[in-house]
Structures are given as C-alpha cells and as structure tokens.
Amino acid sequence: MRITRSGQTLGARIEGIDLSQPLDDTTFATLQQALGEHGVLSYPHQQLQAIDLKRFAERFGTLEVNVANSYQEPGIPEVMVLSNIVRDGKPIGLADAGQSWHTDMSYSRTIAFTNILYGIQIPRRDGRSLGNTEFCNMHAAYDELPDALKTRLASMTITHDFNKFWEMMRRERNSTRPPLTDAQRAAKPPVRHPVFLTHPLTGRKVLYANPGYAMRINEMSEADSERTLAFLFEHQTQPRFRYAHDWQAGDVLMWDNIGTIHNAVADYRADEPRLIKRCQVMADRVFGAAA
Ligand code: OGA
Ligand code: MN
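Numbers given for residues are sequential positions, taken from 1 along each chain in its written order. Written order determines the labels here, with chains lettered from A and ligands numbered from 1. With the structure being a predicted model, the display of local features is reserved for residues of pLDDT at least 70 and the display and counting of side-chain atom pairs for 80 or more, all residues being used for whole-chain, interface and lining totals. To obtain the side-chain values, all non-hydrogen atoms of the structure were used and water was disregarded.

Participant: An account of the site of ligand 1 is requested, with residue identities and associated values reported.
Facilitator: Neighbouring ligand 1 are Leu 82, Ala 97, Gly 98, His 102, Asp 104, Asn 115, Leu 117, Thr 133, His 262, Ala 264, Arg 274 and Arg 278. Polar contacts, as counted here, are pairs of nitrogen or oxygen atoms within 3.5 Å of one another; within protein the pair requires one atom able to donate a hydrogen and one able to accept it, and residues that are adjacent in sequence qualify only if both atoms are side-chain atoms. In this structure, an oxygen atom belonging to ligand 1 sits 2.6 Å away from a side-chain N or O atom of Thr 133. Arg 278 is positioned with one of its side-chain polar atoms (N or O) 2.6 Å from an oxygen atom of ligand 1. Buriedness of a pocket was judged along seven lines, with at least five required to meet protein on both sides within 12 Å; pockets are open sets of points on a 1 Å grid over the protein atoms alone, cavities are sets where a 1.4 Å probe fits but cannot get out, and lining residues have an atom within 4 Å of a point. Pocket occupancy is defined atom-wise: a molecule lies in a cavity or pocket when more than half of its atoms are within 2 Å of its grid points. Assessed atom by atom at 2 Å from the grid points, ligand 1 resides in the largest pocket. Elements represented by at least two residues in the shell around ligand 1 include exactly β9 (112-121) and β20 (260-264). Think of it this way: one heavy atom of a residue within 4 Å of a molecule or strand is enough to make that residue near it. Where helices and strands are cited, they refer to DSSP runs of H or I of at least four residues and of E of at least two residues respectively, numbered from the N terminus.

Spelled out as structure tokens, the structure:
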C-alpha cells in the first residue's frame, strides 16, 4: 500500500489496496491515522459491490441511516444512493446532496466521523470531470484564527440544526425537497457542540462550525452571535484552506468530518449522469479510540 500526499492543504491518494477485501488491523489503523492527518483520502480504481462498501465503512464506526433518506440500496439501508439519474420517471437517488458548505451530521448528538463515497458514474465534459467535491481544512482554520477570538470562543458552544440546510436548499435551489415532517424534525432536534473540538486522531484543535448547520453561538447576544458566525463562515472557506477532489469513476473517497467541511459542486446538467454510493460513519468509535 502506498500513501501519496497531494502536496496541498488536504488530501492523499492510497494505492495498492483492494477495498473489497477485509482489512487487517494494521492497515486499518494506518488508514484511520492517515485520514486524521490528511483529511481526505482517495482510493482509485476500486471495484466494489454495495455490500463491500458497507463492510469497509463499518470498520470505522457505526453506520448511520439518514432520517430524510428514501434512496437506499435495496436490502442495505446503510448504503445510500446519490444520483441525478431518473429511471421510468423516478429519481434513483438523492440528486442534490451536499451542495453548499457543510459538515455531515453536525446536527446530531453523535457527530459524524467519516463519509465514504464510491463513484460509479462521474459526469465529464470536454475531457474534464464535473461534480468535484471541495473541502476546507479546519485544523488550519483554527490555527489561523485571531488569538483573542480563540480565547473568547474557547468555552462557547454552537447550536446546529438539520433544518437549516434543508430549508436553505428548498429556498435557494428550487429543490423538490418537501418541508421536513414533524416526525423528521423530532428525530433530529437542534443540538449544541463546542465551537472548538480536540481532534481524536491528531490531538489538535479544530474549528467545529459550518455554514450549513450552525445557527447560533449560545453564550453571546443574538447580534454578537450573528456577526461572529458570519466572520467564522467567511474565515473557514477562504481559498487558502481549500482542496478539491476531481472525481474519476472507480474512486472511493473518504473524508474526516471533524477536521474538514465540504461542498458538492453542482456544475453538471440533468442529462450528465452522476451515480455515487455512500456510507455515513458516526464518530462513536473514533472518540473512544483516542489516547
Ligand atoms: C454528502 C455529500 C458530496 C458529493 O453525501 O454528504 O456532501 O460530492 N456529498 O456528492
Ligand atoms: Mn455532505
């Protein structure tokens, strides 16, 4: 197995491993540590069945079954389908997943560790792939905050709400998403997390805020919270913290949701098919693994 860093703020490529085969403990530990260190790992040229993706993903923690998700692999609800393909008049997957800066599951009491995607069909135009997934480095974003703000926010918390991203998509993207039902809202009530987390794999502080779900800094006045969140959102998405994954069919892409935020670039058309299968891994085991 070979790990090649991208040379940018995030990202490494892992070659010489077949993810359809069981991982031994040493390889697993190496990959998990690499994920903490590089934030985003890509494994080119994989050939997986949905069940292989699930088996690989569940090494890293408990798998989430999305509350709002109707697009599941038949018989394997932990594997979700992301796609803009419509078959017999029916979408085969969620067409607009992640199309704005966010962190997966920051709205959940148990937050997400890694999201693992397997690219089956990737749109291309003029010899270039479309639908990049972009990331920002939250270790670097924390490090470069003004000292006074680090001190001020050190013991503060942010309220995160699933409905914020959902409603933004409905408003701004002419989405076909219906409003969340009361049952869906009750299943994911707003939660509080510290503004800064200590990353369980690197031991370093990260900024745990994101434009998609962060609603309010609880220990500040409303106006102060608005102003500070606007500053944090601007700060954390600066180009110098960014890295983009340029998809190829056969890629497995995994990212660390504790140390990065991400955005799915929607630069392809409805007639340019994209098909990805995904498993969402929660951060139950990785925090336990710390120390
Ligand atoms: C997600 C997500 C990005 C992509 O599934 O949570 O953000 O590029 N997807 O599909
Ligand atoms: Mn996402």
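Having seen the structure, we can now continue with the description.
Participant: Now, about the sheet that holds strand β12 (residues 133-137): what can you tell me, with residues and values included?
Facilitator: Criterion used throughout: strands pair if DSSP finds at least two bridges between them. With respect to topology, 3 strands assemble into an open sheet ordered β18-β12-β20, the strand pairing being antiparallel. Of all strands in the sheet, those bounded by a partner on one side alone are β18 (242-245) and β20. Taken over all neighbouring pairs, the strand axes of this sheet differ in orientation by 25° on average, direction set aside. Relative to β20, β12 runs antiparallel, the two being bridged by 5 bridges. What sits directly across from Thr 133, in β20, is Ala 264. Structural elements are reduced to axes, namely lines fitted to C-alpha atoms, with helices fitted over the stretch in contact, and the angle between N-to-C directions of any two is expressed from 0 to 180 degrees.

Participant: Got a sec to walk through the nonpolar core? Specific residues and values, please.
Facilitator: The nonpolar core is taken to be a set of buried Ala, Val, Leu, Ile, Met, Phe, Trp, Tyr and Cys residues, with the residues joined through side-chain atoms within 4.5 Å. For every residue, the accessible area obtained with a 1.4 Å probe (protein chains only) is divided by the maximum for its type, and the residue is called buried under 20%, exposed over 50%, and partly exposed between those limits. Tyr 43, Phe 56, Phe 60, Ile 116, Leu 153 and Leu 207 are the most contacted members of the largest nonpolar core, which has 58 residues in total. For this analysis, residues touch if any pair of their heavy atoms sits within 4.5 Å. Setting aside residues up to four positions removed in sequence, Leu 153 forms contacts with Val 195, Phe 196, Ile 217, Met 220, Thr 228 and Leu 232. Leu 82, Leu 253, Trp 255 and Ile 276 belong to the second-largest nonpolar core, a separate cluster that totals 14 residues.

Participant: Outline the coordination of the manganese ion (ligand 2), listing residues and values.
Facilitator: The protein atoms that coordinate the manganese ion (ligand 2) are His 102 (NE2), Asp 104 (OD) and His 262 (NE2), at distances spanning 2.0 to 2.2 Å. Metal coordination here is assigned from N, O and S atoms located within 2.8 Å of the ion, or within 3.2 Å for Na, K and Ca; omission of water means that sites may look incomplete. Coordination of the manganese ion (ligand 2) draws on donor residues from a single chain, spaced H-x1-D-x157-H in sequence. In this pair, Asp 104 is assigned in the loop between β8 (90-91) and β9 and His 262 in strand β20, connecting sequence segments 158 residues apart. By the burial criterion, Asp 104 is buried, and His 262 matches it.

Participant: How would you summarise helix α7 (residues 222-236) if you had to cite specific residues and measurements?
Facilitator: Every α-helix winds through 3.6 residues per turn, so residues three or four apart in the chain are directed the same way. In a helix, the anticipated span is given by 1.5 Å times the number of residues less one. Between its terminal C-alpha atoms α7 stretches 21 Å, which fits the 21 Å expected from 15 residues at 1.5 Å a residue. By the burial criterion, the buried members of α7 are Asp 224, Ser 225, Thr 228, Leu 229, Leu 232, Phe 233, His 235 and Gln 236. Each buried residue of α7 sits inside an arc of 160° when the element is viewed along its axis, so together they form one side. Facing away from the buried side of α7 by over 90 degrees, the exposed positions are Glu 226, Arg 227 and Glu 234. Note that the arc is defined by the directions from the helix axis to the C-beta atoms.

Participant: Can you tell me about the side chain of Ser 175, naming the residues and giving the values?
Facilitator: Among the secondary structure elements, Ser 175 is positioned in the loop between α5 (162-172) and α6 (182-187). One polar contact links Ser 175 to Asp 96, side chain to side chain, over a distance of 3.4 Å. Engagement of the side chain of Ser 175 in a polar contact is seen with the backbone nitrogen of Arg 177, the distance being 2.8 Å. Sequence-distant contacts of Ser 175, defined by excluding residues within four places in its chain, comprise Asp 96, Met 169 and Arg 170.

Participant: Give me the lowdown on the layout of surface pockets, citing residues and values where you can.
Facilitator: Grid points are joined across faces, edges and corners, and a volume is the space filled by probe spheres set on the points. Looking at the largest pocket, its volume works out to about 970 Å³. Looking at the largest pocket, it is lined by 49 residues, and the ones nearest its centre are Leu 94, Ala 95, Asp 96, Ala 97 and Arg 177. Of all the secondary-structure elements, those providing two or more residues to the lining of the largest pocket are β6 (76-83), β9, α5, β20 and β21 (275-282). Its residues assigned to classes, the lining of the largest pocket shows 24 nonpolar, 19 polar and 6 charged. Estimates place the volume of the second largest pocket at around 190 Å³. When residues of the lining of the second largest pocket are traced back to their parent elements, those giving at least two are α1 (25-38) and α3 (138-143). Broken down by element, the lining of the second largest pocket gets its largest block of residues, 3 residues, from α1. Residue classes follow a fixed rule: Ala, Val, Leu, Ile, Met, Phe, Trp, Tyr, Cys and Pro count as nonpolar, while Asp, Glu, Lys and Arg count as charged, and any other residue, Gly among them, counts as polar. Of the residues contributing to the lining of the second largest pocket, the split by class is 2 nonpolar, 13 polar and 4 charged.

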